[in-house]
Amino acid sequence: MAKEREEIVESSSGIITTTVDFVFNWARKSALWPMTFGLACCAIEMMATGASRFDMDRFGAGVFRPSPRQSDLMIVAGTPTLKMAPIIKRVWDQMPEPKWCIAMGACASTGGPFPTYSTLQGVDRIVPVDVYIPGCPPRPEALLYGLMRLQDKIMQEQPTRFVFGRGNVSQEDVEGAAATTAEGENAAA
């Protein structure tokens, strides 16, 4: 939260300045649309989190979408089996970018108490997971905490790197390349 306050500067004339990355990330974290993807008992806790007592709408994530094409957050809640793994992967591939994944519960994170041939030992073997929530089943408060950690992670992203064609290039790489180019120009002169 302190970083958010550092990003916005207001002058005495009422003009606010900020970065494009901050605005994009704020919009993304404040309008997460999770997909209804409950596989077992953790789904009951996920539904309870969306109800009025815990109210995921406070975090902008209360609109559960029935279609992967309308959602940007997959909450895998429950025990993924090997038979379900290709379906999870297909649904993940149908989601538009940017997309995030939360593994809710011990079964989704590590296979839980089922070290059997039919249980997928962690959903991270088929889709990239951003936040792991432990518990069997985890309480709704744990899902809200995981959602807040995902929002913190989203605020650290830099979406303009992809817009301006720099990809995953760090600022140090850019400054190092500029210094090398400047040295080359000075040597040629």
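These numbers come from a predicted model, not from an experiment.

Thresholds, definitions, all that
- Residues numbered from 1 in each chain as written.
- Predicted model: local features only at pLDDT ≥ 70, side-chain atom pairs only at ≥ 80, totals over all residues.
- Heavy atoms only, no water.
- Pairing = 2+ DSSP bridges.
- Helix = DSSP H or I, 4+ residues; strand = E, 2+ residues; numbered from the N terminus.
- Contact = heavy atoms within 4.5 Å.
- Axes fitted to C-alpha atoms, helices over the stretch in contact; angles between N-to-C directions.
- Buried < 20%, exposed > 50% of the residue type's maximum accessible area, 1.4 Å probe, protein only.
- Right-handed = clockwise from strand over helix to strand, strands pointing away.
- Parallel < 35°, antiparallel > 145°, perpendicular 65-115°, else oblique.
- Nonpolar A, V, L, I, M, F, W, Y, C, P; charged D, E, K, R; others polar.
- Phe/Tyr/Trp six-rings, centres within 6.5 Å; stacked < 30°, edge-to-face > 60°.
- Lys NZ or Arg CZ within 6 Å of the ring centre and 35° of its normal.
- Salt bridge = Lys/Arg side-chain N within 4 Å of Asp/Glu carboxyl O.
- Left-handed = near helix turned anticlockwise from the far one by under 90°.

Overview of the sheet that holds strand 4 (residues 73-77)
The pairing of strands in a sheet happens through backbone hydrogen bonds and is either parallel or antiparallel. Strand order in the open sheet formed by four strands is 3-4-5-6, and the pairing between neighbours is parallel. Unpaired on one side and paired on the other, strand 3 (34-35) and strand 6 (131-133) mark the two borders of the sheet. Running over the sheet, helix 4 (residues 85-94) touches strand 3, strand 4 and strand 5 (100-104) and is turned about 165 degrees from strand 4. Here helix 6 (residues 140-155) sits on the sheet and contacts strand 4, strand 5 and strand 6; the angle it forms with strand 5, its principal contact strand, is near 155 degrees.

Considering unusual backbone geometry
Working note: non-glycine residues mostly have negative phi, and peptide bonds are mostly trans. Geometrically, the link from Glu-97 to Pro-98 is a cis peptide bond, its omega value of -10 degrees lying close to zero. Turning to its location among the elements, Pro-98 is positioned in the loop between helix 4 and strand 5. At the junction of Cys-136 and Pro-137, the peptide bond is cis and its omega measures out at -20 degrees in the coordinates. At Asp-55, a position not held by glycine, the phi torsion is positive, near 55 degrees. Tracing the backbone through its elements, the reader meets Asp-55 in the loop between helix 3 (42-50) and strand 4.

Details of the pairing of strand 4
Across the five residues that make up strand 4, a large majority, five, are buried. Where burial is concerned, the two faces of strand 4 agree: the one with Leu-73, Ile-75 and Ala-77 and the one with Met-74 and Val-76 are both buried. In this structure, strand 3 lies alongside strand 4, joined through two bridges in parallel fashion. Looking across to strand 4, one finds that Pro-34 is bridged to Leu-73. A crossover connection joins strand 3 to the parallel strand 4 through helix 3; in handedness this β-α-β unit is left-handed.

Describing the packing of helix 3 against helix 6
Where helix 3 meets helix 6, the closest approach of the two axes is 8 Å, and the angle between their N-to-C directions is 75 degrees. With respect to each other, helix 3 and helix 6 are oriented roughly perpendicular. Residues Glu-45, Met-46, Ala-48 and Thr-49 of helix 3 pack against Pro-140, Leu-143 and Leu-144 of helix 6. When its residues are assigned to classes, the contact of helix 3 with helix 6 shows five nonpolar, one polar and one charged.

Here's the deal with the packing of aromatic side chains
Across all of its chains, the model carries zero aromatic pairs by this definition. The ring of Trp-33 carries the charged tip of Arg-65 above its face, separated from the ring centre by 4.9 Å. Lying across the ring of Tyr-145, Arg-149 places its NZ or CZ 4.6 Å from the centre.

Concerning the pattern of salt bridges
Evaluation of the coordinates by the stated rule reveals six salt bridges. Residue Lys-99 pairs with Glu-97 through a salt bridge whose shortest N-O separation is 3.9 Å.

A closer look at the packing of helix 2 (residues 20-29) against helix 6
Where helix 2 contacts helix 6, the two axes come as close as 9 Å, and the packing angle between them is 160 degrees. Of the possible angle classes, the one that applies to helix 2 and helix 6 is roughly antiparallel. For helix 2 against helix 6, the interelement crossing comes out right-handed. Residues Phe-22, Asn-25, Trp-26, Arg-28 and Lys-29 of helix 2 touch helix 6, and the partners they reach there are Gln-151, Ile-154 and Met-155. When its residues are assigned to classes, the contact of helix 2 with helix 6 shows four nonpolar, two polar and two charged.

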